[in-house]
Amino acid sequence: MYYLDANASEPMRPEAKAAMLEAFDAVGNPSSVHGPGRAVRRLIEDARERVAARFGARGQDTVFVSGGTEADALAIHALGTGRRIAIGVTEHDAVRAAAPGGWTIPVSREGLADLDALRDWLTGGPPALVCLMLANNETGAIQPVAAAAALCRAHGALLHVDAVQAGGRIAADLAALGCHSLALSAHKMGGPKGVGALLLAPEVSAIRPLISGGGQERGRRGGTQAVPAIAGFAAVCAPPSDQDRLATLRDRAEAAAVRYGAIVCGGGAPRLANTVSLALPGARADAQVIALDLEGIAVSAGAACSSGKVQTSHVLEAMGLGALAGQAIRVSLPWNVEDAAIDAFEAAYARMAARMRRPLVSAAA
Ligand code: PLP
C-alpha cells in the first residue's frame, strides 16, 4: 500500500516513538509534589519549552490539549466570547463547528482570503475575533496570515490561526505572524494522535478553560496531561526540512494526473509542498478514492461521502469550482514518501482516468 494521505495523519517519525517509549516509564502524576511527580512534571515542562520555542511563543503561554480540534474550540471559546466572529470560508470543520453563525471571509478562485472584504467587515464594527488558517488541508493554500494579523491589530480585533497543517511543513511562528493564538496538532507533524497545543500571545494568555477540572495547564485545561504523547509531540518540533524533495515529487504526481485529464484546484496559490487537490471532470470523488484504494494507493476525497451521498467540498465550492467540488481527490505526500509511490500513483491514475473521465465529447458540450 502506498500512503499518500499525510494531511489526514502523518506516519509517526522514529524520534517521536523513541521519546514516547522513554516517557512510558515515567510513573508519577505531573501534579504530584513528590519526586516521581516532579520528574514527570519536568518532562512536560521541557516539552512545553521545545514546542513554544519552535512556534514563537513563551512556555507559560503554551497549553497542551488533545489536538487541533480542541485547540481551535478552546481559542474560539476563550477569545471569541463577547466578540463578533469572522472565519475564513475554507476553514476546517474544527473551526466552523466552534463558530456557528460567524461571518465568512470570501476567497479567490485560488482559495486565498479576500483581505479587502475583511477590512470592510472590521471597519467601524464592535470588537471581533477573526479565524484564518495558515494552510488549507484540502488544497494546501497558504493564507496571507501576517497581513491579516496586521489588519486585525489595526482594528482592535484578535486573530486565531489554525496552523494544524502548516506546523510541520512551513515556518509557523506566533510572534512573527503577529497573531493572538495558534492551534497545532502533533499527528499532522509525524507525532502521536490525540495531542496538540494552543499557543497564546502574552496579552491574551490568561484564558477561561473549556474544561476546568483539576486546574492543570495553569487553569486553562483541566485533566492529567497525556505525558507520553506530549513527549512525542515535542520530539517532532524540529524546523521543517525536505520540503524541496516533497515539492518535486508532488509536482511529478500533479503533472502526471494533468496529462490524464485532471484539473488542479488552487494550483496558482502558494501551497504546501506535499499537497495537491486534483479534480477529474465527471468522476465522483468517492469513486476515485475507492478505485485508487483497490490499486493500493491511499488518498482522500476533498468531498466526504456519507450514507452513499456525495457531499461536495465546502472549500472547493467556495473557490467557485462548481461541480468539480464533488470530483476532487486530495493527494498529500508523507515525510517518508518514496519515488516508487509516485510511479505507482501515476500508473493507477492513468487506468482510473481512462475508465472514469467524462468523455471528451461531453466535456466540450
Ligand atoms: N484543523 C485542520 C486544518 C485540520 O486539517 C485538522 C485535521 O484534519 C484539524 C484542525 C483537527 O485536528 P485534530 O485531528 O488534531 O483534531
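Preceding this section is the structure that the text describes.
Residues numbered from 1 in each chain as written. Predicted model: local features only at pLDDT ≥ 70, side-chain atom pairs only at ≥ 80, totals over all residues. Heavy atoms only, no water.

### Things to note about the pairing of strand β10 (residues 275–279)
Most of β10 sits inside the fold, with five of its five residues counted as buried. Where burial is concerned, the two faces of β10 agree: the one with Thr275, Ser277 and Ala279 and the one with Val276 and Leu278 are both buried. Sheet topology note: the strand β9 (residues 263–264)/β10 ladder contains two bridges and is antiparallel. Directly across from valine 264, in β10, lies its bridge partner leucine 278. Of the strand pairs in this sheet, β10 and strand β15 (residues 328–332) are connected by five bridges, and their pairing is antiparallel. Considered in β15, the bridge of alanine 279 is made with alanine 328. (Buried < 20%, exposed > 50% of the residue type's maximum accessible area, 1.4 Å probe, protein only. Helix = DSSP H or I, 4+ residues; strand = E, 2+ residues; numbered from the N terminus. Pairing = 2+ DSSP bridges.)

### Some words on helix α3 (residues 68–80)
Its 13 residues place the ends of α3 17 Å apart at the C-alpha level, agreeing with the 18 Å of an ideal helix rising 1.5 Å per residue. Here α3 lies mainly inside the structure; ten of its 13 residues are buried. Those residues of α3 lying buried are Gly68, Glu70, Ala71, Asp72, Leu74, Ala75, Ile76, Ala78, Leu79 and Gly80. At the exit of α3 stands glycine 82, carrying a positive phi of roughly 80°. (Expected span 1.5 Å × (residues − 1).)

### As for the pairing of strand β8 (residues 196–200)
Within β8, five of the five residues are buried, leaving the element largely enclosed by the surrounding structure. Burial along β8 is two-sided: Gly196, Leu198 and Leu200 facing one way and Ala197 and Leu199 facing the other are all buried. Examined bridge by bridge, strand β2 (residues 62–65) and β8 share four bridges and lie antiparallel to one another. Residue pairing for β8: valine 63 is matched across the bridge by leucine 198. Alignment of strand β7 (residues 181–185) against β8, held across five bridges, turns out to be antiparallel.

### Comments concerning the site of the ligand
Around the ligand, the structure places 13 residues, and the nearest of them are Gly68, Thr69, Asp162, Ser185 and Lys188. One of the side-chain nitrogen or oxygen atoms of glutamine 165 is found 2.8 Å away from an oxygen atom of the ligand. Interatomic distance of 3.0 Å between a side-chain N/O atom of histidine 187 and an oxygen atom of the ligand. Within the complex, 85% of the 390 Å² of free accessible area of the ligand lies under protein. According to the grid-proximity analysis, the pocket containing the ligand is the largest pocket. Element by element, the count of residues in the shell around the ligand is highest for α3, at three residues. (Near = heavy atom within 4 Å. Polar contact = N/O pair within 3.5 Å; in protein donor to acceptor, adjacent residues only side chain to side chain. Areas by Shrake-Rupley, 256 points an atom, 1.4 Å probe, with all protein chains shown as cover. 1 Å grid on protein atoms, 1.4 Å probe; cavity = no way out; pocket = protein on both sides within 12 Å on 5 of 7 lines; lining within 4 Å. Sits in = over half its atoms within 2 Å of the grid points.)

### Digging into the sheet that holds strand β3 (residues 84–88)
Strands sit in the order β2-β8-β7-β6-β5-β3-β4 across an open sheet of seven strands; the sheet is mixed. Looking at the sheet topology across the chains shown, the edges are occupied by β2 and β4 (103–105). Recorded for the sheet is a direction-independent mean angle of 20° between the axes of neighbouring strands. Across the face of the sheet, α3 comes into contact with β2, β3, β5 (128–131), β6 (158–162), β7 and β8 while running at roughly 160° to β7. (Axes fitted to C-alpha atoms, helices over the stretch in contact; angles between N-to-C directions. Contact = heavy atoms within 4.5 Å.)

### Side note on the layout of surface pockets
One number sums up the size of the largest pocket: a volume of about 500 Å³. Lining the largest pocket are 31 residues, and of these His92, Asp93, Asn137, Glu138 and His314 sit closest to its centre. The set of elements that each furnish at least two residues to the lining of the largest pocket consists of α3, α4 (93–98), β12 (300–301) and α12 (314–318). When the residues that make up the lining of the largest pocket are grouped by side-chain class, the tally is eight nonpolar, 16 polar and seven charged. Taken together, domain 1 (2–9 + 240–356) and domain 2 (14–235) each give at least three residues to the lining of the largest pocket, which thus spans both. The calculated volume of the second largest pocket comes to roughly 260 Å³. In terms of lining, the second largest pocket is formed by 20 residues, of which the most central are Arg13, Gly168, Pro240, Ser241 and Trp335. Tallied by class, the residues present in the lining of the second largest pocket amount to nine nonpolar, five polar and six charged. In this structure, the lining of the second largest pocket is formed jointly by two domains, domain 1 (2–9 + 240–356) and domain 2 (14–235), each of which donates at least three residues. (Points joined across faces, edges and corners; volume = space filled by probe spheres on them. Nonpolar A, V, L, I, M, F, W, Y, C, P; charged D, E, K, R; others polar. Domains from an automatic or database assignment.)

### A short note on the side chain of aspartate 72
Its location among the elements puts aspartate 72 in helix α3. There is no salt bridge for the buried aspartate 72, and the closest opposite charge comes from lysine 188, which lies 10 Å off by N-O distance. Beyond its immediate sequence surroundings of up to four residues, aspartate 72 is in contact with Ala94, Val95, His160, Asp162 and Ala183. (Lys, Arg positive; Asp, Glu negative; His and termini not counted. Salt bridge = Lys/Arg side-chain N within 4 Å of Asp/Glu carboxyl O.)

### Notes on the packing of helix α5 (residues 115–122) against helix α6 (residues 145–154)
Between two packed helices, both the angle of their axes relative to each other and the distance between the axes serve to describe the pair. At a minimum axis distance of 10 Å, the contact between α5 and α6 shows a crossing angle of 15°. Between α5 and α6, the interaxial angle falls into the category roughly parallel. With respect to the hand of their crossing, α5 and α6 are arranged in right-handed fashion. For the pair formed by α5 and α6, the contact residues are Leu115, Leu118, Arg119 and Leu122 on the first element and Ala147, Ala148, Leu151 and Cys152 on the second. Looking at the contact of α5 with α6 residue by residue, the classes come out as seven nonpolar, no polar and one charged. (Parallel < 35°, antiparallel > 145°, perpendicular 65-115°, else oblique. Left-handed = near helix turned anticlockwise from the far one by under 90°.)

### Observations regarding the packing of helix α1 (residues 14–23) against helix α9 (residues 227–235)
Between α1 and α9, whose axes approach to 8 Å, the crossing angle comes to 150°. Compared by their axis directions, α1 and α9 come out roughly antiparallel. Once α1 is placed against α9, the crossing between them reads as right-handed. Residues Glu15, Ala16, Ala19, Met20 and Ala23 of α1 lie in contact with α9, whose contacting residues are Val227, Pro228, Ala229, Ala231, Gly232 and Ala235. Taken together, the residues of the contact of α1 with α9 break down into nine nonpolar, one polar and one charged.

Such coordinate-based values are descriptive only and should not be taken to indicate function.
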